[in-house]
Each structure stands twice: as structure tokens, then as C-alpha cells.
Amino acid sequence: MKKSFRHFLNLHEISKKDIDLILKYSHRLKKNNKTKQLKEKKILAIIFEKPSTRTKISFDVGMKLLNGDVVTLDHSDSQLGRGESLEDTMKVLSSYVDIIAYRGSDESKLYKLSEISTVPIINGLTDISHPCQIIADIMTLQEKFRSLNNLNLSWIGDGNNVCNSWIHASKHFDFNLKISCPPGNFPENKILKSLNSGKVELFKNPAEAALDADVIITDTWVSMGMKSNPKRLKNFEKFQINKDLLEKTGRTTYFLHCLPAHRGCEVTDEIIDGENSLVWAEAENRLYAHQSILLWCLKKI
Ligand code: CP
Ligand code: NVA
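The following refers to the structure shown. Note that this is a predicted model, so its numbers are computed, not measured.

## What to know about the sheet that holds strand β1 (residues 43-48)
1) Next: Strand order in the open sheet made by the four strands is β2-β1-β3-β4, with parallel pairing throughout. Since the sheet does not close on itself, it has two edges, and those belong to β2 (69-73) and β4 (121-123), each with one partner. This sheet shows a mean twist of 20° between the axes of neighbouring strands, independent of strand direction.
2) Next: In terms of strand pairing, strand β3 (residues 99-103) meets β4 through three bridges, oriented parallel. Bridging from a neighbouring strand, alanine 101 pairs with isoleucine 122 of β4.

## Focus on the site of ligand 1
1) Next: In the neighbourhood of ligand 1, the contacting residues comprise Ser52, Thr53, Arg54, Thr55, Arg103, His130, Gln133, Cys258, Leu259 and Arg286.
2) Next: One of the backbone N or O atoms of threonine 53 is found 2.7 Å from an oxygen atom in ligand 1.
3) Next: Take threonine 55: an N or O atom from its side chain is 2.6 Å from an oxygen atom of ligand 1.
4) Next: A breakdown of the residues in the shell around ligand 1 according to their chemical character gives two nonpolar, five polar and three charged.

## Remarks on the nonpolar core
Here is a general trend for soluble globular proteins: nonpolar side chains tend to be buried in one another's company.
1) Next: Judged by nonpolar contacts, the single largest core of 60 residues is most densely connected at Phe8, Ile122 and Trp166.
2) Next: The element contributing the most residues to this core is helix α12 (residues 279-297), with eight residues.
3) Next: Beyond its immediate stretch of four places on either side in the chain, phenylalanine 8 contacts Ile14, Ile22, Ile121, Ile122, Asn123, Pro131, Cys132, Ile135, Ile293, Trp296 and Cys297.

## Quick word on the environment of aspartate 98
1) Next: You can see aspartate 98 is positioned in the loop between α3 (86-93) and β3.
2) Next: The sequence separation of aspartate 98 and aspartate 127 amounts to 29 residues, and the corresponding C-alpha distance is 25 Å.
3) Next: Ignoring sequence-local partners within four residues, the contact set of aspartate 98 consists of Lys41, Lys42, Ile43, Val119, Pro120 and Leu298.
4) Next: Here isoleucine 43 takes part through its backbone nitrogen, which lies 2.7 Å from a polar atom of the side chain of aspartate 98.

## A short note on the site of ligand 2
1) Next: Close contacts around ligand 2 come from Leu125, Asn160, Asn161, Asp219, Thr220, Ser223, Met224 and Leu259, and that covers them all.
2) Next: For ligand 2, a nitrogen atom lies 2.8 Å from a polar atom in the side chain of asparagine 161.
3) Next: At a separation of 2.8 Å, an oxygen atom of ligand 2 approaches a polar backbone atom of methionine 224.
4) Next: Of the residues in the shell around ligand 2, the class split is three nonpolar, four polar and one charged.

## Points about the pairing of strand β5 (residues 152-156)
1) Next: Burial within β5 is extensive, with five of its five residues counted as buried.
2) Next: Residues Asn152, Ser154 and Ile156 of β5 are buried on one face, and the alternating residues Leu153 and Trp155, pointing to the opposite face, are buried as well.
3) Next: Sheet topology note: the β5/strand β6 (residues 176-180) ladder contains five bridges and is parallel. In the sheet register, isoleucine 156 faces β6, and the bridge partner there is serine 180.
4) Next: Note on the crossover from β5 through helix α6 (residues 161-169) to β6: the handedness is right-handed.
5) Next: In terms of strand pairing, β5 meets strand β8 (residues 215-218) through three bridges, oriented parallel. Bridge pairing in β8 places serine 154 opposite isoleucine 216.

Criteria and cut-off values
- Residues numbered from 1 in each chain as written.
- Chains lettered and ligands numbered in written order.
- Predicted model: local features only at pLDDT ≥ 70, side-chain atom pairs only at ≥ 80, totals over all residues.
- Heavy atoms only, no water.
- Pairing = 2+ DSSP bridges.
- Helix = DSSP H or I, 4+ residues; strand = E, 2+ residues; numbered from the N terminus.
- Axes fitted to C-alpha atoms, helices over the stretch in contact; angles between N-to-C directions.
- Near = heavy atom within 4 Å.
- Polar contact = N/O pair within 3.5 Å; in protein donor to acceptor, adjacent residues only side chain to side chain.
- Nonpolar A, V, L, I, M, F, W, Y, C, P; charged D, E, K, R; others polar.
- Core = buried A, V, L, I, M, F, W, Y, C linked by side-chain atoms within 4.5 Å.
- Buried < 20%, exposed > 50% of the residue type's maximum accessible area, 1.4 Å probe, protein only.
- Contact = heavy atoms within 4.5 Å.
- Right-handed = clockwise from strand over helix to strand, strands pointing away.

Okay, here's the thing in C-alpha cells:
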């Protein structure tokens, strides 16, 4: 019989009870100054096919602080670079390690790997989703607001992988999510429809989406692996998060960005460095969120 794994693939497929548990432990780990320890050593393999600073380092540091260890595999120094398939690599690796964090482009490949693997797989980002990020983001908003109930969140910019994972999260939390993107850059209908959540609304005009926002969230206009051009970028100009837009919310509005930020494009310095920017706490919280995700996948919480 196939063993049941706690893969961390996408938020809408994980129960609310488990998401709450992961969040509760994220806060606890932060308060306890990172001290939860694994009784027996566990090894995390990090396989990232795309660049990363925060996700890779926080998983690495987080696992080591839990008394685990980490191996990192990349294309240039492994047989992946000479054409060995990721599927074959995964079969072998999952006999050596206890858990794998994977970052790649193709979401279907992530799901295929989760079927092949004999250990839990964590989605470290695909072109379609970035669920680890949203755990840290929700943690950050819980620190600021306690509860996300009735909070007005506005996603303004590209309807990308991070935005998709916010839509997935809307299945579990009672926030309102307004999304405003240039034409052709909204999240795919498939994602919007699959959740059938009345809490997600789409706006052509960013100022309308910003009205009454407690939190404005954005991300790069050009995600990793995406081809862009000056004409496309021109369409994004009025979606910049700047002082003018923040003045239109009519209330105190906080700012989130998963980073890396492209200052002067999707956000201005005065907003990202401003007193209502939560981005540095958000980035720090990746560490505790990832430790908690590791513990959950390993069935230690
Ligand atoms: N936000 C985020 O995932 O950043 P990295 O690409 O640096 O991991
Ligand atoms: N949407 C961005 C997120 C980076 C963490 C990207 O995929 O490049």
C-alpha cells in the first residue's frame, strides 16, 4: 500500500486545520527563538531549477536550526546538467533524504515528482504557485492584525504565481481579495473558477481595487523565466504602487511584496521603505514559516 505523505504542494489542497497548525507553529518558532529541535537527524534536499535567495537560504538555515541537515543539488554540479532526468534523479534522491524542496517552472512536473517521490515534497515555487510565500505573508498579517477576517487585501500588478497562491488561500480565510492587473495579465480563469470564491473580485482600474485596502500586495512585473518587452511593461505603469495610489485607499494601508523588488517599477522607494511597509518582517517570517512547513511535512507537528 502507498504510504500517505504530507506533501506541501498547494494551499487549497491542504486542510484549513493543517494550515492553521502550520501558522500556529510558525508563530511559536519565532517566539521561542527558533529552538524546536528534531529528535533524530533529518536531511532536506533542495532542488531548485530557478534562482532563489530567500526560499533557498531560509529552508537551509531553518532545517539546520531544527537539528537537520541539507544537501543542495543544482544543474551545474550534478548529472542533471548532463541530461539525467529529474524523475530518475528524484527516485534516487528520495532513497537518501527525508524531504525535498523543489523549485521549477512546470507545475505538472511538481505533481509528477510528488507521485514518484518516496518522501514529502515541498513546492518552493512554480510558474503557477508559491504557497510557502503565502504562509509567511499570512503570518505577517496575523502579527499586524491578529485575524485576517474581513481584511481588505488588494493585489495590484501581475496576476502571477504569488497572486494565484493568494487565490488558493482565499478558500480558507475570510479576507476580501481585490485583484487589478493590466488586460491579459489577470490570473487564469481556471484558477479563479476552480475556487468559486465570492471573496475574489477583479478590477481593471487599480485605484478602484485600492479603495478601502488594508493591505496592498504586489510583485515583480516580470517573473523568472518570463519573456517581457517594453510594450508589455508600458501597460503596467499605472499599476505601480506609489504614494498617489496609497492616498486613494482612504485608510491606513500596509504593503507586502515577496521580494526581490524592482524599485521604480512595481513599487517606489518611499512605499517599500515607508513606515507601513511590512516587507522586511515578511521576509524574516519565511524562516519560521519554512521551519513549520518542514515539521508538518515530517509529521512532527
Ligand atoms: N520571495 C522569494 O521566494 O524569494 P526568492 O526567489 O529569493 O526565494
Ligand atoms: N513572481 C516571482 C516571484 C519571485 C519570488 C517569480 O516567479 O519570479
